[in-house]
Amino acid sequence: MNGVIVLDKPSGFTSFDAVAVARGLTKEKKTGHTGTLDPMATGVLPLLLGRAAKASSLLPDTEKEYVAGFRLGQRFDTGDITGSLVEENHKTVSPQALEQALAGFRGAIEQVPPMYSAVSVQGQRLYQLARKGIEVDRPARAVFIHSLTLEHYDPASREGVLRAACSKGTYIRTLIEDVARAAGSCGTMTSLRRTRACGFGLEEAVSLDHLRELAAKGALGTVLLPVETLFREYPQAQVSGPQAVRFANGGALDMKRLRLPRITLPEGQPLRLYGPEGVFLGLAAVDGEAGQLKFLKRFAEDQPKEGDC
């Protein structure tokens with residue numbers, strides 16, 4: 001089975017758990033995912049099956065979107081309510097003060113990764129150190145917050161909901177803690193739902209229960225998306241039969257002999273390549289100096305033949 005299944009991951013499952021269940025249902029040994037979700041989190045988790053598993057290092061850097069519940073006045077060691085309470089603050093925070101704090105976290109910001117994360121420092125995972133009670137200095141990382149809105153906030157309970165669209169590598173737990181601190185309090189994440197990732201939204205996602213039902217009916221193919229949907233952010237080009245053969249063998253293609261999109265193609269820009277019959281072949285990248293499209297990765301199931309013109 002080759003392609004993508006967009007899972008609506010349930011709470012209580014690690015991303016690895018979800019992959020293991022999908023591997024069992026699809027009987028596909030080569031199964032992976034595009035981005036880790038914490039066990040408490042739910043939402044969009046694209047699963048890569050078969051040849052699609054080769055795509056993980058080539059995915060477009062698309063923004064992700066989250067809806068997160070939060071509570072002000074409490075901070076936990078894990079950054080969410082699954083951990084131990086380490087700080088309390090009884091200060092009242094008004095909606096206006098919270099909105100003012102949010103304004104400072106839109107656009108380019110820097111974040112210090114939380115200790116309970118999979119980031120490696122000097123060869124050790126931070127969460128492994130955190131479980132031993134060890135805290136180490138972590139370098140701040142640049143991330144980008146495309147949008148950040150306050151969906152709901154109750155000053156009495158000091159609980160609310162944020163919606164954030166952000167770059168890869170953004171920690172929503174840390175964002176909530178930093179916003180709370182800027183508002184003069186402390187805070188923690190109470191829930192997290194990813195609504196968009198790798199260009200896929202919840203409208204394309206299926207629940208684990210539904211996936212099990214489809215597997216029992218032998219109908220998993222109804223929710224299997226083609227490999228090329230992972231790369232729909234990239235421009236595309238169609239090649240001839242001989243060009244398809246050359247590409248399949250790892251050869252570069254002369255850009256002057258291709259029908260390319262009428263847009264400026266920057267150096268290194270990946271393109272989706274399709275054969276003469278519209279079959280997705282794989283990815284190539286612009287080499288402007290050589291005037292070529294250079295081979296990146298082949299995803300086509302069959303090797304094209306010289307006669308396929």
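Check the entry above for the structure.
Below is a summary of the structure that appears in this document.

Here is what the cut-offs are and how they apply
Residues numbered from 1 in each chain as written. Predicted model: local features only at pLDDT ≥ 70, side-chain atom pairs only at ≥ 80, totals over all residues. Heavy atoms only, no water. Helix = DSSP H or I, 4+ residues; strand = E, 2+ residues; numbered from the N terminus. Buried < 20%, exposed > 50% of the residue type's maximum accessible area, 1.4 Å probe, protein only. Contact = heavy atoms within 4.5 Å. Lys, Arg positive; Asp, Glu negative; His and termini not counted. Charge placed at Lys NZ, Arg CZ, Asp CG, Glu CD. Pairing = 2+ DSSP bridges. Disulfide = S-S within 2.5 Å. Phe/Tyr/Trp six-rings, centres within 6.5 Å; stacked < 30°, edge-to-face > 60°. Lys NZ or Arg CZ within 6 Å of the ring centre and 35° of its normal. Salt bridge = Lys/Arg side-chain N within 4 Å of Asp/Glu carboxyl O.

**What about the overall build of the protein?**
Reasoning step 1: Across its full length, the protein holds six helices and 19 strands.
Reasoning step 2: Overall, the C-alpha framework of the protein stretches about 75 × 50 × 40 Å when taken along its three principal axes.
Reasoning step 3: Counting over 309 residues, the protein shows a buried share of 49%.
Reasoning step 4: In the protein, of all internal contacts separated by at least 6 residues, the share reaching a separation of at least 24 is 67%.
Reasoning step 5: Positive and negative charge centroids in the protein, built from 38 and 35 side chains respectively, lie 5 Å apart.

**Remarks on the side chain of threonine 174**
Reasoning step 1: Inspection of the secondary structure assignment puts threonine 174 in helix α4 (residues 172-182).
Reasoning step 2: Residue class for threonine 174 comes out buried when judged on its relative accessible area of 5%.
Reasoning step 3: In contact with threonine 174, other than residues within four places in its own chain, are Gln111, Val112 and Pro114.

**Thoughts on unusual backbone geometry**
Reasoning step 1: Residues other than glycine seldom take positive phi values, yet lysine 27 does so here, at roughly 60°.
Reasoning step 2: With respect to the element layout, lysine 27 can be found in the loop between α1 (15-26) and β2 (31-33).
Reasoning step 3: Look at lysine 27 and you get exposed, because its relative accessible area is 69%.
Reasoning step 4: In this structure, cysteine 198 takes a positive phi of about 55° despite not being glycine.

**So, the pairing of strand β17 (residues 270-274)**
Taken residue by residue, a regular strand's side chains alternate between the two faces of the sheet.
Reasoning step 1: When you tally the buried positions in β17, you get five out of five residues, the bulk of the element.
Reasoning step 2: Burial of β17 is two-sided: the residues Pro270, Arg272 and Tyr274 facing one way and the residues Leu271 and Leu273 facing the other way are all buried.
Reasoning step 3: Both strand β15 (residues 236-238) and β17 contribute to a ladder of three bridges, which runs parallel. In the sheet register, glutamine 238 faces β17, and the bridge partner there is tyrosine 274.
Reasoning step 4: Pairing analysis gives five bridges linking β17 to strand β18 (residues 280-287), with the strands arranged antiparallel. Along β18, the bridge assignment pairs arginine 272 with leucine 283.
Reasoning step 5: Hairpin connection between β17 and β18: a loop of five residues separates the two successive antiparallel strands, and glycine 278 in this loop has a positive phi of roughly 85°.

**Thoughts on the pairing of β18**
Reasoning step 1: With eight of its eight residues buried, β18 lies for the most part within the structure.
Reasoning step 2: Here β18 hands over to strand β19 (residues 292-298) after four residues, with glycine 291 in that stretch at a positive phi of 65°.

**With respect to the state of the cysteines**
Reasoning step 1: Summed over the entire model, instances satisfying the criterion amount to zero disulfides.
Reasoning step 2: Cysteine 198 takes part in no disulfide bond, and the closest cysteine sulfur to it belongs to cysteine 166, at a distance of 12 Å.

**So, the packing of aromatic side chains**
Reasoning step 1: Here the structure, examined in full by the defined rule, presents seven aromatic pairs.
Reasoning step 2: Arranged with centres 6.1 Å apart and planes meeting at 15°, the rings of phenylalanine 70 and tyrosine 153 form a pair that is stacked. Placement of the pair is phenylalanine 70 in strand β4 (residues 64-72) and tyrosine 153 in strand β10 (residues 141-154), with a sequence separation of 83 residues.
Reasoning step 3: For phenylalanine 70, a relative accessible area of 3% corresponds to the buried category.
Reasoning step 4: Plain terms: the ring middles of phenylalanine 247 and phenylalanine 295 are 5.0 Å apart, the flat faces sit at 45° to each other, and that makes the pair tilted. Of the two residues, phenylalanine 247 sits in helix α6 (residues 241-248) while phenylalanine 295 sits in strand β19, which places them 48 residues apart along the sequence.
Reasoning step 5: In textbook terms, an aromatic cluster arises when at least three aromatic residues are bridged by ring pairs, as seen for Phe231, Tyr234, Tyr274, Phe280 and Phe299.
Reasoning step 6: Seen from the ring of phenylalanine 299, lysine 54 lies directly overhead, with NZ or CZ sitting 5.5 Å from the centre.

**Observations regarding the pattern of salt bridges**
Reasoning step 1: Taken as a whole, this structure holds eleven salt bridges when the rule is applied.
Reasoning step 2: Across the salt bridge formed by arginine 181 and aspartate 178, the nearest N and O atoms sit 3.0 Å from each other. Residue arginine 181 and its partner aspartate 178 are located together in helix α4, separated by three residues, close to a single helical turn.
Reasoning step 3: Ionic contacts of the salt-bridge type, sharing partners, join the residues Glu65, Glu151 and Arg163 into one network.

**What about the environment of valine 286?**
Reasoning step 1: Relative to the helices and strands, valine 286 is located in strand β18.
Reasoning step 2: Classification of valine 286 by relative accessible area gives buried; the value is 5%.
Reasoning step 3: Along the chain, valine 286 and serine 15 lie 271 residues apart, while their C-alpha atoms are 34 Å from each other.
Reasoning step 4: Sequence-distant contacts of valine 286, defined by excluding residues within four places in its chain, comprise Met255, Leu265, Pro266, Glu267, Gly268, Gln269, Leu271, Gln292 and Leu293.

Such coordinate-based values are descriptive only and should not be taken to indicate function.
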